[in-house]
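An overview of the molecular structure
So the chains spell out like this:
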Amino acid sequence: MIGSTFFPHYRMLIKDGIRFFLPLLLTVVFFIVASTISTAQAAEEEPTVGSVKTVTGTANLNRNGQLLIAHVGDHLYKNDILVTADNSSLGVIFRDDTILSLGSRSEVCIDEFIFDPAHDDVSFVTSVSKGTAQFISGQIAKVAPDKMTVETPLSTIGIRGTRFLVKVD
Amino acid sequence: MKKITLLIFSLLLLVGCGQKVVLLPDLDGHVGQVTVTAHSGETVTLNQANQTVSGKDDVYTMSESEVQSAFSEALAAQPEPTTRFLLYFFSDSTKLKAESETMLSEIMESYRTRSSTDVSIIGHTDTVGEKQYNYDLSLRRALSIKKKLMKDGMPADVIQTTSHGETNPLIPTPDGKREPKNRRVEVLVR
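Cut-off values and rules
Residues numbered from 1 in each chain as written. Chains lettered and ligands numbered in written order. Predicted model: local features only at pLDDT ≥ 70, side-chain atom pairs only at ≥ 80, totals over all residues. Heavy atoms only, no water. Domains from an automatic or database assignment. UniProt positions renumbered as here; feature names shortened; annotations may be inferred. Helix = DSSP H or I, 4+ residues; strand = E, 2+ residues; numbered from the N terminus. Contact = heavy atoms within 4.5 Å. Buried area = accessible area lost by both parts, 1.4 Å probe. Salt bridge = Lys/Arg side-chain N within 4 Å of Asp/Glu carboxyl O. Polar contact = N/O pair within 3.5 Å; in protein donor to acceptor, adjacent residues only side chain to side chain. Nonpolar A, V, L, I, M, F, W, Y, C, P; charged D, E, K, R; others polar. Pairing = 2+ DSSP bridges. Axes fitted to C-alpha atoms, helices over the stretch in contact; angles between N-to-C directions. Core = buried A, V, L, I, M, F, W, Y, C linked by side-chain atoms within 4.5 Å. Buried < 20%, exposed > 50% of the residue type's maximum accessible area, 1.4 Å probe, protein only. Expected span 1.5 Å × (residues − 1).

Observations regarding the domain arrangement of chain B
The domains assigned to chain B are domain 1 (2-76) and domain 2 (83-189). Each of domain 1 of chain B and domain 2 of chain B has a C-alpha centre, and these two points are 41 Å apart.

And the structure:
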């Protein structure tokens, strides 16, 4: 009170301060909230597509160029490359219940996996670049057979709900 | 000289780049179908057990022992298929029918013995009522099962809950039809 009596411009200064800092504060808060939301969205955009169920010997998941050792229970994501070493194998189950198992010295990339049957949105593309693999197709091949394909260096395999083997030398 | 070496090397790579695709009977014995379309355009259809296409279009039938010797590792690594449980509810309710209540312990057992980290809980309804209302009801059913399983010790991060509402009936019916079999939650333990 004394301040405002003797130095009336103090009040103005405080008012100006609020006028200046409040928008700044709001901007900072906005950015913090916005970044939290976008992180949460980014996490939601990367749903698990399946999980590792069997491992013998040494099997790896190549995720964004990083080679991770595969363990039973590990979650799988789109763009993961499943890799097995000599005398090794790997078995996984996808969210649509497709089963995939690999023999040794094999490499299979999960190129695309969308499974939202309630909105008729499904798509499943994998590519076998080398080695041996068994596929037992799940719900995607059942509800939309043309939406599941397996690519090899030589051809495209179309699936009508079934079980098959691939060997790429 | 370098060019010639490179040419020989790429020719060797091409020769080495062969492939085989073998159709096997499904786990239930039924034989399905695959098409193998070469990047150069030819398509081969396999629809008999152990039918094989080698390279572009060399089709023959592999003996059981040939299949085993070429693919034993991949076949041995095959995981157990997903276990599926169906839980039924009272009409317009998240209350479980008594016989489904006992299934919760079977689900927990399957989750533990399979060391599962991927469990889906999918809610459904019959076609009585509004679509949006049924979507919400089916979500509430799924969430109530999630809550029960979490109480029994299943961690939240292995569970994925989804709602199909009335869009995915077990028994297809016209709109507005009461169908107890469609008032369900499916639990898939992978």
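Focus on the UniProt feature "domain: FecR protein" (unreviewed entry) in chain A
What UniProt calls "domain: FecR protein" (unreviewed entry) maps, in this numbering, to residues 81-167 of chain A. In residues 81-167 of chain A, helix accounts for 6% and strand for 62%; the two terminal C-alpha atoms are 17 Å from one another.

Considerations on the interface of chain B and chain A
If you look at the interface, chain B gives 46 residues, while chain A gives 47 residues. Around 3800 Å² of area is buried between chain B and chain A when both sides are counted, 54% of it from carbon and sulfur atoms. Among the residues chain B hides against chain A, the three largest losses belong to Gln19(B), Pro79(B) and Arg190(B). Together they make up 15% of the total. Note that Arg95(A) and Asp118(B) form a salt bridge whose closest N and O atoms lie 2.8 Å from each other. The interface formed by chain B and chain A contains 28 residue pairs in polar contact (both at pLDDT 80 or more). If you list the elements that add at least two residues to the side of chain B that touches chain A, you get strand 1 (19-24), strand 2 (34-38), helix 2 (64-76) and strand 8 (159-165) of chain B. Taken together, the residues that form the side of chain B that touches chain A break down as 19 nonpolar, 19 polar and eight charged. Across five bridges, strand 11 (residues 155-159) of chain A lies against strand 2 of chain B in antiparallel orientation. Its bridge partner being in strand 2 of chain B, Thr156(A) is matched across the sheet by Thr37(B).

Some words on the sheet that holds strand 6 (residues 83-88) of chain B
Residues and elements named next belong to chain B. Spatially, four strands are ordered 6-9-7-8 in an open sheet, and the strand pairing comes out mixed. Each having just a single partner strand, strand 6 and strand 8 make up the two edges of the open sheet. In this sheet, neighbouring strand axes are inclined to one another by 20° on average, regardless of whether the strands run parallel or antiparallel. Two elements, strand 7 (residues 119-124) and strand 9 (residues 184-189), share five bridges in a ladder whose sense is antiparallel. In the sheet register, glycine 123 faces strand 9, and the bridge partner there is valine 185. The sheet strands contacting helix 4 (residues 103-113) are strand 6, strand 7 and strand 9, and the helix crosses strand 6 at an angle near 160°. Across the sheet, helix 5 (residues 131-151) touches strand 6, strand 7, strand 8 and strand 9, and the angle it forms with strand 8 is around 155°.

Digging into the side chain of His124(B)
Residues and elements named next belong to chain B. Assignment of secondary structure puts histidine 124 in strand 7. At 3.4 Å, the side chain of histidine 124 and the backbone oxygen of asparagine 168 are in polar contact. When sequence neighbours within four positions are dropped, the list of residues in contact with histidine 124 reads Ser138, Arg141, His164, Gly165, Asn168, Asn182, Arg183, Arg184 and Glu186.

Observations regarding the nonpolar core
One finds Leu82(A), Leu100(A), Phe135(A), Phe164(A) and Val21(B) to be the most contacted residues of the largest nonpolar core, which totals 37 residues. If one sorts the elements of this core by residue count, strand 9 (residues 121-136) of chain A sits on top with five residues. With sequence-adjacent residues up to four places away left out, Phe164(A) is seen in contact with Ala133(A), Gln134(A), Phe135(A), Val150(A), Ile157(A), Ile159(A), Val21(B), Val22(B), Leu23(B), Leu24(B) and Val34(B). Among the nonpolar cores identified, the runner-up in size contains 19 residues, and Leu104(B), Met108(B), Tyr111(B) and Val187(B) belong to it.

Looking at helix 5 of chain B
An ideal rise of 1.5 Å per residue puts 30 Å on 21 residues; helix 5 of chain B measures up with 30 Å between its terminal C-alpha atoms. Along helix 5 of chain B, the positions that sit buried rather than exposed are Asn134(B), Leu137(B), Ser138(B), Arg141(B), Ala142(B), Ser144(B), Ile145(B), Lys146(B) and Leu149(B).

Focus: the environment of Thr126(A)
Residue and element names in this part refer to chain A. Structurally, threonine 126 can be placed in strand 9. With 23 residues separating them along the chain, threonine 126 and threonine 149 place their C-alpha atoms 6.8 Å apart. The contact partners of threonine 126, leaving out residues within four places of it in the chain, are Val108, Cys109, Ile110, Asp111, Phe135, Thr149, Val150 and Glu151.

Focus on unusual backbone geometry
Residues and elements named next belong to chain A. Phi at asparagine 64 is positive, roughly 50°, even though this residue is not glycine. Position of asparagine 64 among the secondary structure elements: in the loop between strand 2 (59-63) and strand 3 (66-69). Positive phi, close to 75°, is recorded for aspartate 97, a residue that is not glycine.

A look at the pairing of strand 2 of chain B
Walk down a regular strand and you will see the side chains alternate between the two sheet faces. All names here are of chain B. Taking burial as the measure, the five residues of strand 2 include four buried ones, the bulk of the element. Note: strand 2 against strand 3 (residues 43-46), four bridges, orientation antiparallel. Bridged to threonine 37 within strand 3 is threonine 43. Taking the residues between adjacent antiparallel strands as the criterion, strand 2 and strand 3 are bridged by four residues, where glycine 41 takes a positive phi near 120°.

A look at helix 2 of chain B
Compared with the 18 Å implied by 1.5 Å per residue over 13 residues, the 15 Å span of helix 2 of chain B between its first and last C-alpha is markedly short. Those residues of helix 2 of chain B that sit buried are Val67(B), Phe71(B), Ala74(B) and Leu75(B). Along its buried surface, helix 2 of chain B packs onto strand 7 (99-102), strand 9 and strand 12 (163-168) of chain A together with strand 1 of chain B.

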